Amino acid sequence: MVKILRGDRIVLGTCYYPEHWDESLWKDDLSRMKKNGVDVIRIAEFAWNKIEPREGDFTFDFFDRFLELTLKADMSVVFATPTATPPAWLSSQYPEILNARMDGVLLRHGMRRHYNYNSPVYRRFTETIVEKTARHYGPHPSIIGWQIDNELNCETDEFYSESDTIAFREFLKRKYGSLDALNDAWGTVFWNQTYTAWAEIHVPQTTVGNSVNPHRTLDYIRFVSDSACGFVKLQSDILRKYLKSGDFITTNGIFPSLDSHRMCDESLDFITYDSYPNMAYNLPDSGVQGAAETIPDSGLGDREWSCNLSKARSISPAFGVMEQQSGPGGWTTRMESPAPRPGQMTLWTMQSIAHGADYVGYFRWRTCCMGTEIYWHGILDYSNRDTRRLAELNDIRKKTDLISAAAGSRYRASFAVLTDYDNIWDARLDVWHGRVHRESEAGIFRAAQTLHSPADYVCFSGPVKLQDLAKYPVLFYPHPVIVTEERAALLAEYAASGGTLVLGARAGMKDISGKCPMTKLPGLFRGLSGTDVVDYTLTGPGLPVTADWDGDEIEVPVFNDILEPLADGGAAKVLASYTKGWYAGKAALIVNRYGRGSVYYFGGAFSRAAAGVFLKKLNLAEPYRDTIGLPANCEIAVREKENARFFFVLNYSPEPAVITVRKELRDLYRGTAVSGGVELPPFGTAVFEE
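Values in this document were obtained by computation on a predicted structure and should not be read as measured data. (Residues numbered from 1 in each chain as written. Predicted model: local features only at pLDDT ≥ 70, side-chain atom pairs only at ≥ 80, totals over all residues. Heavy atoms only, no water.)

## Some remarks on the pairing of strand E4 (residues 143-147)
1) Next: Counting buried positions over the five residues of E4 gives five, a clear majority of the element.
2) Next: Pairing of strand E3 (residues 76-80) with E4, which is carried by four bridges, proceeds in the parallel orientation. When the sheet's bridge partners are listed, Phe79 is paired in E4 with Trp146.
3) Next: Inspection of the sheet shows E4 paired to strand E5 (residues 248-250) by three bridges, in the parallel sense. Pairing of Trp146 across the sheet is with Ile249, part of E5. (Buried < 20%, exposed > 50% of the residue type's maximum accessible area, 1.4 Å probe, protein only. Helix = DSSP H or I, 4+ residues; strand = E, 2+ residues; numbered from the N terminus. Pairing = 2+ DSSP bridges.)

And the structure:
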């Protein structure tokens, strides 16, 4: 059987739903898949009834028959636990398993992800279905791995059932130990919110104006993440009892209110991402709900999914794509998008591979003829005829075979962006924080893409060590509004050892509870940055703010910290000053020599233009210009292993693009040496080996 992260070959797969199709189609489907380059299928994530049609009545015949065919077809299988869609008999007989809206109304059967993680009843049924499924199917030779549930926290990341309130109280008791400690952390003296009994505490409830205590809500998001992680670990612990040698456990997607790094470290062998770049082209009124960390309105279209793939790579450097878009997406209730143009399916596949995926599985084999997702197309249409997408899949298989030398290599970034879940979650709750967070996340990504500077993300989740940071000459930590002593100390160690750290406005403003301590800003970053924030303000609408940086004008948008070097800083130096407004002439950017490194404190958000200036001045722009020159509408990604480097060039334009190969490279598609001008067709890709 094929392993999906085997290190010597890029593996292709697809999502298949035997329960959707007449059994007479199974054998031919598997044969056509193999013929066109598919070696792996994922099954069963929504098929609880096929294993337990009634409470306690387990039957394995359906998937036994199907798996027997996969064995004959030499098709490898990723088997999913079916807990994303509890069956109707379970929802009806045990309504306590259901999630609820904030106002208490239960979310009824008929969608997906309508359960809550904390229902003791649901956890009991989950344990049983996973145990029975793994015990029976685990030994099957076709099965190479397991997917837990499906897209945790997709559809909703808010849980307001009675079970959640009970579990939330227990979570808080473990965290704080006493009501006095909780009241202090939440600042409950404000608006007379002080709690005198644990029974008074609930998950967030409907309030006047729907404004709630932000410190409570930050802990609530932490609780939601903790609940999801615990639910995954519950299943992983069961599955590990039945894994064959070499089998793996994963889950798919990156969604809100979930510490995916912790989840992977605790329960998975690696993460798999679900990549849907065509969602960038949904109609404006289609009610699209995209991935949690998608860059909004980036102007880069499908290229923005490179940001999400980079975040998947930060969770596990070796990762796969469980669902790669192959056709137009759409539900009957929301989401409408055009069909991928010829070549885009290849482009998106190579985008995933360029960013580190060694497995790409397409969603889905055949477009479903029924249900909410009847417009979410797969490789085949309803008619079952051979499609242009099937022909493109066949060509992709040929290309991935030609670039097999790149399998097992790792993405090479020129710099990294630091993130952490405390600030990601606080930015969702705090509109002031959210405004700078969104601007800088989009701005740094856009600037890096158009200046062809490959970037990584490094997340402060779990034990981040100096060696994790030291491999990057420059780290951007755009707006660490919440900071801990441990993180500040590690960053000081990074700078002292020679690294360059770039901070943005509002850094160090809050403690871990989300409160603003009575300390001079930037708080724990004062000594590190050599900076004193003496005043601050939102910039206001229609009032563009700029600063002069050695003759270069730089935007300082959204929020402005007004800066001064610390009187006793010694090594701190003003690099840029505001050029207009009531604080014209005051410092907007300070650099501080710290040990063998440098710390830049920028008093604004990093728009695309501002981030671009930083990338240029810090010598991060176009690091591979001496090897390949390319226009702004192309992306370059570099993967390395041993003594080999692989350059992926992706043309996101519907027009041809000309790149310049400035040193002789081997074109892996053609198997020939190339140099000079190379034309990529519309949505074309190229992979070169140095």
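## Side note on empty space enclosed by the protein
1) Next: Summed over all chains, the structure comprises six cavities of 30 Å³ or more.
2) Next: Of the voids in this model, the second largest cavity is the one considered here, and its volume is about 170 Å³.
3) Next: Lining of the second largest cavity is provided by 16 residues; of these, Val417, Leu418, Thr419, His437 and Pro478 occupy positions nearest its centre.
4) Next: When residues of the lining of the second largest cavity are traced back to their parent elements, those giving at least two are strand E10 (415-419), helix H12 (421-429) and helix H13 (431-450).
5) Next: Of the residues forming the lining of the second largest cavity, the biggest block, five residues, is contributed by H13.
6) Next: Residues of the lining of the second largest cavity, tallied by class, amount to nine nonpolar, five polar and two charged. (1 Å grid on protein atoms, 1.4 Å probe; cavity = no way out; pocket = protein on both sides within 12 Å on 5 of 7 lines; lining within 4 Å. Points joined across faces, edges and corners; volume = space filled by probe spheres on them. Nonpolar A, V, L, I, M, F, W, Y, C, P; charged D, E, K, R; others polar.)

## Thoughts on the packing of aromatic side chains
In this description, an aromatic ring pair is defined by two values, namely the gap between the centres and the angle between the planes.
1) Next: The tally for this structure, following the rule as stated, stands at 44 aromatic pairs.
2) Next: In textbook terms, an aromatic cluster arises when at least three aromatic residues are bridged by ring pairs, as seen for Tyr16, Trp26, Phe60, Phe62, Phe63, Phe66, Phe79, Tyr137 and Trp146.
3) Next: Note that Lys311 overlies the ring of Tyr457, its terminal NZ or CZ placed 5.2 Å from the centroid.
4) Next: Residue placement shows Arg334 over the ring face of Trp331; its charged tip is 4.1 Å from the ring centre. (Phe/Tyr/Trp six-rings, centres within 6.5 Å; stacked < 30°, edge-to-face > 60°. Lys NZ or Arg CZ within 6 Å of the ring centre and 35° of its normal.)

## Comments concerning the pattern of salt bridges
1) Next: All chains considered together, the criterion is met by 47 salt bridges.
2) Next: The closest approach of N and O atoms between Arg222 and Asp219, which form a salt bridge, is 3.2 Å. With a gap of three residues between them, Arg222 and Asp219 both fall in helix H7 (residues 214-239), about one helical turn apart.
3) Next: Residue Arg222 is classed as buried on the basis of its relative accessible area, which comes to 11%.
4) Next: The shortest N-O distance in the salt bridge between Arg389 and Asp381 comes to 2.7 Å.
5) Next: According to the relative accessible area criterion, Arg389 is buried, its value standing at 6%.
6) Next: Judged by its relative accessible area of 25%, Asp381 falls in the partly exposed class.
7) Next: The network of salt bridges with common partners includes Arg9, Lys34, Asp39, Asp74, Arg397 and Asp401. (Salt bridge = Lys/Arg side-chain N within 4 Å of Asp/Glu carboxyl O.)

The values are spatial; any link to function lies outside them.
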